[in-house]
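# Report on the structure
Letter by letter, the chains look like this.
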Amino acid sequence: MARQRYHDGLALRQALPGRFLPFLVGSMAFLAALALAGGIAAHSLSQRWTHGAGAVTTVQVPGPTDPATITAAMGQMPATRIDAVLATIAATPGITDTHRLSDAELRALLAPWIEQTGDPSLPLPAVIELHTAPGQDAAASLLPRLQAQAPGVLMEHDSVWSDRLAALAGSLQACAGLAVLVVMTVAVCVVMAATRAGLLTRRQAIGLIHALGATDSYISARFATRVGLLALWGGVWGSVLALPMLLALSHLAAPFTAMGDAPATTPDWRDVHAWSALLPSALLWMLVIVPPAAGLTGWATTQLTVRAWLRRLP
Amino acid sequence: MFRLHDVSYAYGGSQTGVAALSHVSLDVAQGEFRWLLGPSGAGKSSLLSILSLEVQASSGMVEILGVPVRQARRAGLARLRRRIGAVKQDFGLLPDMSVFDNVALPLRLQHRAEAEIAHEVHAIMKWVGLEHRLDALPPQLSGGEQQRVAIARAVIYRPALLVADEPTNALDERQAGRLMRMFHRLAELGTTIVVATHNDAIVAKYPAPTIELLHGHLVRDHG
């Protein structure tokens, strides 16, 4: 008869079966991955709205080549209105980037209206896009100075909307963080319950090997290693199952996120590169980190649970 | 060796529990063999439980193999337990482990090599006459066989202190005689041994200093 060998009598495969815990931890990892993905997406949107197109201020300068009004700040240097405006903008702190639309860009932008008038020689204003640093309100103080040198200058800025959207994104991130916290708490409770059940199943063996000189750290390490590996396995499955859902969501959300330049069509299912390009690198890293985080959480929770339980032994 | 000074023990706590031992003081040297005698309920099992570190005395000083038990840390107590062998009345065998694995357990906890473990287990099981039952599970053995397995596990790592609670009550006279000769041989090699028994015949056949308890009190030491 083949001798069934238990190394030390704990028989952890009986105490902690290999299906129940990975299934539960995998479910938790799946939910955590979705919540984290929501948080990362909210952060991405927030960044885009704060730093990207959403934070652009547009300056219109009618009659850009007309002479500017001479001010004391400019001295006696003669200048056109557009030169005066660009010089003032360049000297304003808090503006991170300036882009004057070229004639071609402007005509492309205004093409529907220009075609309606039927007059391609219609005089166009100069248009300048400004990007301001987050939290800076440079545009508000800029307008009076620009109008002093070039009367009729118009300024439109979307910071009010971008600030509101950034606040919305912030609250979404907080919700995602809270969801991850709840999922982790439930996972810890599940691991604690499974470990306690395992301890009760093998309490006779634990009492015996304790009496034979096994240390608390030995027994807790044996349980923690088993639970840690099961939780890691569950975390792997959670991440794997979350991947297609995150790919689908990323594909749907592409026009609204930093991946807005991604192709709107669904990539061929065999094209791994095209699919992986859909996911931001932060999401990919998150999917990689979830399994070891699940394993580590299971390991640490089991260590604490077993050590606390062993305290009842002399 | 061990020393007990004014040791008391009560089941269920020192204040409200049932007193099992009262103000017991003992000093047993290395390599001594002692019978532990007394009627049922005298406190013999409680004394053996204190000596095998299964329970802590409610009060008093316990020093085992030079280690003051109350001051020792948990890891220190674990190390001390590896030097103490115990044979319990209920044998304490794990029913889902083979005889081989039950006997090998103390050596595995000491991280001995598997080849050495196999050699030691075969040797001790041959000595107790059960080398043909290595693959059996404890529930498949008779009471006497289970007792021999428990004895084999208690002595396989040559403990410095061996405590045995009625180790001969399921053995026939020949096996009991072999066991007593082994205990005396172990004592000659330096193991301190305390054996609790009700078997007057075997005490008479193998005379040795005694510890006698009555209602939790020490009534005879070394008499």
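Below or above, wherever it landed, is the structure these notes cover. Computed from a predicted structure; not experimentally measured.

### A look at the overall build of chain A
Assigned secondary structure in chain A consists of 10 helices and 4 strands. Listed N to C, the secondary structure of chain A is α-α-β-α-β-α-β-α-β-α-α-α-α-α in terms of helices and strands. A total of 314 residues make up chain A; the buried ones form 39% of that total. Sequence separation of 24 or more characterises 80% of the internal contacts of chain A that already satisfy a separation of 6 or more. If you sum the accessible surface of chain A, you get close to 17,100 Å²; carbon and sulfur atoms cover 67% of it.

### What to know about the overall build of chain B
Counting secondary structure elements, chain B contains 7 helices and 10 strands. Here chain B, with 223 residues, has 54% of them falling under the buried criterion. A separation of at least 24 residues holds for 68% of the contacts in chain B among residues at least 6 apart in sequence.

### With respect to unusual backbone geometry
Leaving glycine aside, a negative phi is the common case for residues, and trans is the common case for peptide bonds. Residues and elements named next belong to chain B. With a phi close to 50 degrees, Leu 65 is a non-glycine residue in the positive phi region. Overall, Leu 65 belongs to the buried group, its relative accessible area being 11%. In this structure, His 215 is a non-glycine residue whose phi angle is positive, near 50 degrees. Tracing the backbone through its elements, the reader meets His 215 in the loop between β9 (210-214) and β10 (217-221).

### Examining the layout of surface pockets
Empty space within the largest pocket amounts to approximately 430 Å³. Lining the largest pocket we find 24 residues, and of these Gly 207, Leu 208 and Ala 211 of chain A together with Glu 54 and Lys 88 of chain B sit closest to its centre. Ranked by residue count, the leading element in the lining of the largest pocket is helix α7 (residues 203-211) of chain A, at 5 residues. The residue inventory of the lining of the largest pocket, partitioned by class, reads 13 nonpolar, 6 polar and 5 charged.

### A word on empty space enclosed by the protein
All names here are of chain B. Overall, the coordinates contain 2 cavities of 30 Å³ or more when judged by the stated rule. Space inside the largest cavity adds up to approximately 70 Å³. In this structure, the largest cavity is lined by Ile 50, Leu 53, Val 55, Gln 56, Ala 57, Gly 60, Val 62, Val 69 and Arg 70. Within the lining of the largest cavity, the residues separate by chemical class into 6 nonpolar, 2 polar and 1 charged.

### Digging into the pattern of salt bridges
Residues and elements named next belong to chain B. Considering all chains together, one arrives at 14 salt bridges over all chains under this definition. Note that Arg 34 is salt-bridged to Glu 32, the shortest N-O span being 2.8 Å. Assigned by exposure class, Arg 34 and Glu 32 land together as buried. Here Arg 34 and Asp 221 are joined by a salt bridge, their closest N and O atoms 2.7 Å apart. Here Arg 34 is found in strand β3 (residues 33-37), whereas its partner Asp 221 is found in strand β10, with 187 residues between them in sequence. Connected via shared salt-bridge partners are Glu 32, Arg 34 and Asp 221.

### Here we look at the packing of helix α5 (residues 143-155) of chain B against helix α6 (residues 173-188) of chain B
Residue and element names in this part refer to chain B. Close contact between α5 and α6 brings their axes to 13 Å; oriented N to C, the two are set at 10 degrees. Relative to α6, the element α5 lies roughly parallel. Taken together, the residues of α6 that come into contact with α5 (itself represented by Arg 148, Ile 151 and Val 155) are Gln 175, Leu 179, Met 182 and Leu 186. Residue classes in the contact of α5 with α6 are distributed as 5 nonpolar, 1 polar and 1 charged.

### Description of the interface of chain A and chain B
The extent of an interface is frequently quoted as the accessible surface area lost upon association of the parts. Listed as interface residues are 26 residues of chain A and, on the opposing side, 27 residues of chain B. For the pair chain A and chain B, the summed buried area comes to about 2,400 Å², and 55% of that belongs to carbon and sulfur atoms. Across the contact surface, chain A and chain B share 2 salt bridges. At the boundary of chain A and chain B, one finds 6 residue pairs in polar contact (both at pLDDT 80 or more). Going through the elements one at a time, α7 and α8 (216-253) of chain A are the ones with two or more residues in the side of chain A that touches chain B. Looking at which element gives the most residues to the side of chain A that touches chain B, the answer is α7 of chain A, with 6 residues.

### Some words on the nonpolar core
All names here are of chain B. Within the largest apolar cluster, 75 residues are counted, with the highest numbers of intra-cluster contacts made by Trp 35, Met 125 and Phe 183. With residues up to four places along the chain from it excluded, the contact list for Met 125 reads Val 99, Val 103, Leu 130, Glu 131, Leu 134, Val 149 and Ala 152. Judged by nonpolar contacts, the second largest core, of 30 residues, contains Leu 4, Leu 36, Val 69 and Ala 196.

### Thoughts on the packing of aromatic side chains
For any pair of aromatic rings, the description consists of the separation of the ring centres together with the inter-plane angle of the planes. Residues and elements named next belong to chain B. A complete count under the given rule lists 3 aromatic pairs over all chains for this structure. Residues Tyr 9 and Tyr 11 carry aromatic rings whose centres are separated by 5.4 Å and whose planes lie at 75 degrees to one another, so their mutual orientation is edge-to-face. The interplanar angle of 80 degrees and the centroid separation of 5.1 Å between the aromatic rings of Phe 33 and Trp 35 together place this pair among those described as edge-to-face. As far as the burial class goes, Phe 33 and Trp 35 line up, both buried. Looking at Arg 178, its charged tip hangs above the ring of Trp 127, at a distance of 5.1 Å from the centre.

Thresholds, definitions, all that
Residues numbered from 1 in each chain as written. Chains lettered and ligands numbered in written order. Predicted model: local features only at pLDDT ≥ 70, side-chain atom pairs only at ≥ 80, totals over all residues. Heavy atoms only, no water. Helix = DSSP H or I, 4+ residues; strand = E, 2+ residues; numbered from the N terminus. Buried < 20%, exposed > 50% of the residue type's maximum accessible area, 1.4 Å probe, protein only. Contact = heavy atoms within 4.5 Å. Areas by Shrake-Rupley, 256 points an atom, 1.4 Å probe, with all protein chains shown as cover. 1 Å grid on protein atoms, 1.4 Å probe; cavity = no way out; pocket = protein on both sides within 12 Å on 5 of 7 lines; lining within 4 Å. Points joined across faces, edges and corners; volume = space filled by probe spheres on them. Nonpolar A, V, L, I, M, F, W, Y, C, P; charged D, E, K, R; others polar. Salt bridge = Lys/Arg side-chain N within 4 Å of Asp/Glu carboxyl O. Axes fitted to C-alpha atoms, helices over the stretch in contact; angles between N-to-C directions. Parallel < 35°, antiparallel > 145°, perpendicular 65-115°, else oblique. Buried area = accessible area lost by both parts, 1.4 Å probe. Polar contact = N/O pair within 3.5 Å; in protein donor to acceptor, adjacent residues only side chain to side chain. Core = buried A, V, L, I, M, F, W, Y, C linked by side-chain atoms within 4.5 Å. Phe/Tyr/Trp six-rings, centres within 6.5 Å; stacked < 30°, edge-to-face > 60°. Lys NZ or Arg CZ within 6 Å of the ring centre and 35° of its normal.

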